[in-house]
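Examination of the molecular architecture
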Amino acid sequence: MASIWEYANPVKFIRTTDRVLPWLSAAAVVTLVVGLVWGFFFTPDDYRQGSTVKIIYLHVPAALMAINAWLMMLVASLIWIVRRHHVSALAARAAAPVGAVMTVIALVTGALWGQPMWGTWWEWDPRLTSFLILFLFYLGYMALWAAIEDDDTAADLTSILCLVGSVFAIISRYAVNFWNQGLHQGASVMRAGALAGDTEERVSNVFAVPLFVSIAGFVLLFIALVFLRTQTEIRARRTRALLARERMS
């Protein structure tokens, strides 16, 4: 049985992901189309929120991926710190723009959803505020990579930043539990008993099933984009190394 560490070899990683990417990309597209079309066009309006509830099929998957993308970057950064595998550091770098876009989608759709429900586009709610801070960490992480010429030094410093930013990723997920205030409701989807729950905030099956399909589509899309961008980062790093060697010779 092949060890997972074998994929820290850039050549093996590229060869493996080249075989997986077409199938993964196709699965992501099909799952996203099914989930979003089902959710937007074949579910009823909510009795309280009307058609605005359908923003859930973009907002919730994007918010989940915004948080989990940073946590994936945290794991990859820890692997870099402990084992010094370049592929893990480059995978973390590759995931950052994808996570930042997911965070923007979550913030924008949240504003669109919140305005008719709360009467305001923005509120300094604990979860909203922590999500905005998480987005700023994404920007800082990408800026730090771009500002440092030496890849190993950049990987070291961005890994430390990733550790610090993980606090806000966790706060973004559990802010409603930490502070019993604010407009944003607690978790009603990604928790035990969400489909068969017994609380007022549970999501009805008619909305939850296509929502889970959309979430699966976002997860597959994220993985496909990270694989593709990691390949690009590996090739770019190799190109920089060759150019540096030519300048020295």
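- For the chain, an unreviewed UniProt entry supplies the name Heme exporter protein C and the organism Primorskyibacter sedentarius.
- Word for word, the UniProt comment on the chain under Function (unreviewed entry) is "Required for the export of heme to the periplasm for the biogenesis of c-type cytochromes."
- The UniProt entry for the chain carries the following comment under Sequence similarities (unreviewed entry): "Belongs to the CcmC/CycZ/HelC family."

**Side note on the nonpolar core**
- Core analysis: the biggest nonpolar cluster contains 36 residues, and Trp 70, Met 73, Met 102, Phe 131, Tyr 138, Tyr 141 and Phe 222 have the highest contact counts within it.
- Listed by contribution, the elements that provide at least two residues to this core are α2 (56-83), α3 (86-118), α4 (126-147), α5 (151-178) and α6 (205-248).
- Here the element with the most residues in this core is α2; it accounts for 11 residues.
- Core analysis: the next-biggest nonpolar cluster, separate from the first, contains 10 residues, Ile 55, Ile 56, Leu 64 and Trp 113 among them.

**Here we look at the packing of aromatic side chains**
- Counted by the stated rule, this structure contains 5 aromatic pairs.
- The interplanar angle of 70° and the centroid separation of 6.0 Å between the aromatic rings of Trp 70 and Tyr 141 together place this pair among those described as edge-to-face. Of the two residues, Trp 70 is situated in helix α2 and Tyr 141 in helix α4; the sequence distance between them amounts to 71 residues. Here the two residues Trp 70 and Tyr 141 agree in accessibility, since each one is buried.
- A network of ring pairs unites the aromatic residues Trp 70, Phe 137, Tyr 138 and Tyr 141 as a single cluster.

About the criteria used
Residues numbered from 1 in each chain as written. Predicted model: local features only at pLDDT ≥ 70, side-chain atom pairs only at ≥ 80, totals over all residues. Heavy atoms only, no water. UniProt positions renumbered as here; feature names shortened; annotations may be inferred. Core = buried A, V, L, I, M, F, W, Y, C linked by side-chain atoms within 4.5 Å. Buried < 20%, exposed > 50% of the residue type's maximum accessible area, 1.4 Å probe, protein only. Helix = DSSP H or I, 4+ residues; strand = E, 2+ residues; numbered from the N terminus. Phe/Tyr/Trp six-rings, centres within 6.5 Å; stacked < 30°, edge-to-face > 60°.

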